[in-house]
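Given next are the chains, with one letter for each unit.
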Amino acid sequence: KEINHTDVMITADTHPEMHLVRFPERWSISKGKICEKEGASKDIIGPSGMIYRRYKKWSDQNQFASVDHYKNDILPRVQSQFEFMEEEMINVARRNCTYFGV
């Protein structure tokens, strides 16, 4: 599936709560994985109609994020016993999907 990177850039610039965008290989994610915690932002619609939605998930694959987000938010949290940052960040995203969910 093609990704409109211009849409991602414009939407990220106009929505500071959008820290990271993941482009899943499979587009079917069950409703139970949608972040519905109080304070979670609703769907964001980009200029081209692309829908951005927050999930209780995190992956280190197929992402679009700022260097500052990695430096300030992600890398300080992955200094653990896990081999892959995804193993640590999955738990972080489940606990705080309003900020870290993708």
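Just so we're clear, the structure is a prediction, and the values are computed from it rather than from any experiment. Every residue gets a number counted from 1 within its own chain, in the order that chain's sequence is written. It should be noted that, the model being predicted, local features are given only for residues of pLDDT at least 70 and side-chain atom pairs only at 80 or more, the latter also being counted only at that level, while totals for whole chains, interfaces and linings use all residues. Water and hydrogen atoms play no part in the side-chain values, which are based on all heavy atoms of the structure.

1. Observations concerning the overall build of the protein
Labels follow the DSSP assignment, with helices taken as runs of H or I lasting at least four residues and strands as runs of E lasting at least two, numbered in each case from the N terminus. The secondary structure content of the protein amounts to four helices and four strands. Walking the protein from its N terminus toward its C terminus, one meets helices and strands in the order α-β-β-β-β-α-α-α. Three exposure classes are used, based on accessible area relative to the maximum for each residue type with a 1.4 Å probe and protein chains only: buried under 20%, partly exposed in between, and exposed over 50%. Each of the 102 residues in the protein was classed as buried or not, and the buried ones make up 30%. Note on definitions: a residue-residue contact is assigned when non-hydrogen atoms from the two residues lie within 4.5 Å. Contacts in the protein between residues at least 24 apart in sequence constitute 69% of all its contacts with a sequence separation of at least 6.

2. Regarding the side chain of Arg54
Following the sequence through the fold, Arg54 ends up in the loop between β3 (51-52) and β4 (63-65). Of the polar contacts made by the side chain of Arg54, one reaches the backbone oxygen of Glu17; its length is 2.6 Å. Of the polar contacts made by the side chain of Arg54, one reaches the backbone oxygen of Thr98; its length is 3.4 Å. The term polar contact refers here to a pair of N or O atoms within 3.5 Å; inside protein, the definition further demands a hydrogen-donor-capable atom paired with an acceptor-capable atom, and it admits residues adjacent in sequence only when both atoms are side-chain atoms.

3. Notes on the nonpolar core
Here, the term nonpolar core denotes a set of buried Ala, Val, Leu, Ile, Met, Phe, Trp, Tyr and Cys residues that are joined through side-chain atoms within 4.5 Å. Residues Leu20, Trp58, Ile74, Val78, Met89, Val92, Ala93 and Phe100 constitute the largest nonpolar core, which totals eight residues. Those residues in contact with Ala93, other than ones at most four positions away along the chain, are Lys56, Lys57, Trp58, Phe100 and Gly101. Among the nonpolar cores identified, the runner-up in size contains six residues, and Val8, Met18, Val21 and Tyr52 belong to it.

4. Section: the pattern of salt bridges
When the charged atoms of two side chains with opposite charge come close together, those side chains can pair. The working definition used for a salt bridge is a side-chain nitrogen of Lys or Arg within 4 Å of a carboxyl oxygen of Asp or Glu. This model, assessed by the stated rule, comprises one salt bridge. The salt bridge involving Asp43 is made with Arg53; its shortest N-O contact spans 2.6 Å. Of the two residues, Asp43 is situated in the loop between β1 (20-22) and β2 (44-45) and Arg53 in the loop between β3 and β4; the sequence distance between them amounts to 10 residues.

5. Re a positive patch on the surface
Distance thresholds for patches are 9 Å for like charges and 5 Å for nonpolar side chains (Val, Leu, Ile, Met, Phe, Trp, Tyr), applied to residues having over 30% relative accessible area and no salt bridge. For accessible areas, the Shrake-Rupley method is used with a probe of radius 1.4 Å. Any residue's cover is judged against the shown protein chains and nothing else. His is not counted, nor are the chain ends, whereas Lys and Arg count as positive and Asp and Glu as negative. Taken as the charge location is NZ of Lys, CZ of Arg, CG of Asp or CD of Glu. Side chains of Lys33, Lys37, Lys56, Lys57 and Arg94 sit close together on the surface and give a patch of like positive charge. Here Lys37 is to be found in the loop between β1 and β2. The exposure class of Lys37 is partly exposed, given its relative accessible area of 36%.

6. Quick look at the environment of Met85
With respect to the secondary-structure elements, Met85 resides in helix α3 (residues 85-95). For Met85, a relative accessible area of 26% gives the class partly exposed. In this structure the C-alpha to C-alpha distance between Met85 and Trp58, which are 27 residues apart in sequence, comes to 9.7 Å. Residue contacts for Met85: discarding those within four places in its chain leaves Trp58, Asp60, Tyr70, Ile74, Leu75 and Val78.

Geometry only, nothing functional implied.
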